[in-house]
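# Structural description and commentary
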Amino acid sequence: MPPILLHKDYDAESAFKPENLLREARRQKSLPEASVPEICILDPDGDMVLYLCNAGFAVRHPGWACYHTDLYVFREGKHEYGILGCVVGAAFAVLVAEELFASGCRFLVSMTSSGQILPVQAPPYFVVIDRALRDEGTSYHYLPPSDYSEAAVHLTQMAREALTAAGVPIQSGATWTTDAPFRETEKAIDAAKDAGILAVEMEAAALYAFAKARNHEVLCFAHVTNQMGRIEGDFEKGIADGAEESLKVIALTAASWRARRDDNESL
């Protein structure tokens, strides 16, 4: 049995807590305690953050105490969002997710650039990730071994319904989460195709395992933008490097989440 599966007690409390790390970071940096917006976004490529900052729509959050990232805040209509760029890979994404939920986040959306596995249409396009193959390491610290990490069904259904109603084309299905993009061999790609996997990315399996283990709401989108560099002219995302369309997808999903949250809280 590999070391990553040894000495795991999935019901045990962690000795190292995100709240404690944030406490010490605030002390060292002389930062005030400050909550983050209830809806936050992970932007691994950083294109949405760059677009928002260049347009003057986003400002740095004054109380974000993470040692490794900057949190930016922007408004869409009357609603506020937090967004972090360049949080690439399973371990980094979950580290930041832990800190966000410890700081007041209630719904986390990840929008990650992904490589096409099954050619369902020409890139770029969006996939609501309903499950992710666990070919990374982080998820095994949160949940016992299994082939896939599963999304919360109510969140994937909510996103599909909201985007379909708005006329936004959307795919839905499984992705393959890997820690090693430059080890995506033809044999591994063929196996993913045989399994009906739509795309390959680097965060979803870990984020979904974290969400289930911690009882948090996390939804992952794959923005399928490439064929892993196997053709010339690859990695084209569309207008503004795909930022405008990505933000539209997130805003529609967030509006549906808020409506559902408000309905539940009024009961």
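Our subject is the structure listed above.
Bear in mind that the values here come from a model prediction, so they are computed numbers and not experimental data.

Bringing the environment of His141 into the picture now. Along the chain, the position of His141 falls in the loop between strand E6 (125–135) and strand E7 (148–150). Judged by its relative accessible area of 47%, His141 is partly exposed. C-alpha of His141 to C-alpha of Asp130: the two residues are 11 residues apart in sequence and 21 Å apart in space. Beyond its immediate chain neighbours, meaning those up to four positions away, His141 contacts Ile4, Lys8 and Tyr10.

Per the counting criterion, the structure on display carries four aromatic pairs. On the basis of an interplanar angle of 10 degrees and a centroid distance of 5.2 Å, the ring pair of Phe74 and Tyr81 is categorised as stacked. For Phe74, a relative accessible area of 5% gives the class buried. Judged by its relative accessible area of 3%, Tyr81 falls in the buried class. Between Tyr142 and Phe210, the ring centres sit 5.9 Å apart and the planes meet at 90 degrees, which makes this aromatic pair edge-to-face. One end of the pair, Tyr142, is in the loop between E6 and E7; the other, Phe210, is in helix H6 (residues 204–214), and 68 residues separate them in sequence. Neither residue differs from the other here; Tyr142 and Phe210 are each classed as buried. An aromatic cluster of three or more residues is present, and its members are Phe101, Tyr142 and Phe210. Positioned above the aromatic ring of Tyr148, the side-chain terminus of Arg131 is 4.0 Å from the ring centre.

Moving on, we come to the pairing of strand E10 (residues 217–226). Counted residue by residue, E10 has 10 buried out of 10 residues, so it is predominantly covered. Pairing of strand E5 (residues 107–116) with E10, which is carried by nine bridges, proceeds in the parallel orientation. Each residue of the ladder has a partner; that of Met111, found in E10, is Phe221.

Turning our eyes to something else, we now look at the environment of Ser139. Along the polypeptide, Ser139 turns up in the loop between E6 and E7. In this structure Ser139 comes out as buried when scored by relative accessible area, which is 0%. With 69 residues separating them in the primary sequence, Ser139 and Tyr208 have C-alpha atoms 8.0 Å apart. Ignoring anything within four residues of it in the chain, the contact list for Ser139 reads Arg134, Ser149, Ala205, Ala206 and Ala209. A distance of 2.8 Å separates the side chain of Ser139 from the side chain of Arg134, its partner in a polar contact.

Our next topic: the side chain of Thr177. Among the structural elements, Thr177 can be located in strand E8 (residues 171–178). Reaching out from Thr177, the side chain makes a polar contact with the backbone nitrogen of Ala205 at a distance of 3.0 Å.

Applying the stated criterion to the full structure yields 13 salt bridges. We note a salt bridge from Arg214 to Glu98, for which the minimum N-O separation is 3.4 Å. Placement of the pair is Arg214 in helix H6 and Glu98 in helix H3 (residues 90–102), with a sequence separation of 116 residues. Here Glu265 ties to Arg106 by a salt bridge, and the two come within 2.9 Å at their closest N and O atoms.

In terms of burial, E8 is largely enclosed, as six of its eight residues are buried. In this structure, E6 lies alongside E8, joined through eight bridges in parallel fashion. Residue pairing in the sheet places Arg134 in a bridge with Thr177 of E8. In this structure, E8 lies alongside strand E9 (residues 199–201), joined through three bridges in parallel fashion. The residue bridging Trp176 from the neighbouring strand is Val200, located in E9. After leaving E8, the chain enters helix H5 (residues 186–194) and then returns to the sheet as E9, a path that is right-handed.

How each quantity is defined
- Residues numbered from 1 in each chain as written.
- Predicted model: local features only at pLDDT ≥ 70, side-chain atom pairs only at ≥ 80, totals over all residues.
- Heavy atoms only, no water.
- Helix = DSSP H or I, 4+ residues; strand = E, 2+ residues; numbered from the N terminus.
- Buried < 20%, exposed > 50% of the residue type's maximum accessible area, 1.4 Å probe, protein only.
- Contact = heavy atoms within 4.5 Å.
- Phe/Tyr/Trp six-rings, centres within 6.5 Å; stacked < 30°, edge-to-face > 60°.
- Lys NZ or Arg CZ within 6 Å of the ring centre and 35° of its normal.
- Pairing = 2+ DSSP bridges.
- Polar contact = N/O pair within 3.5 Å; in protein donor to acceptor, adjacent residues only side chain to side chain.
- Salt bridge = Lys/Arg side-chain N within 4 Å of Asp/Glu carboxyl O.
- Right-handed = clockwise from strand over helix to strand, strands pointing away.

Without other data, these values stay purely geometric and don't point to any function.
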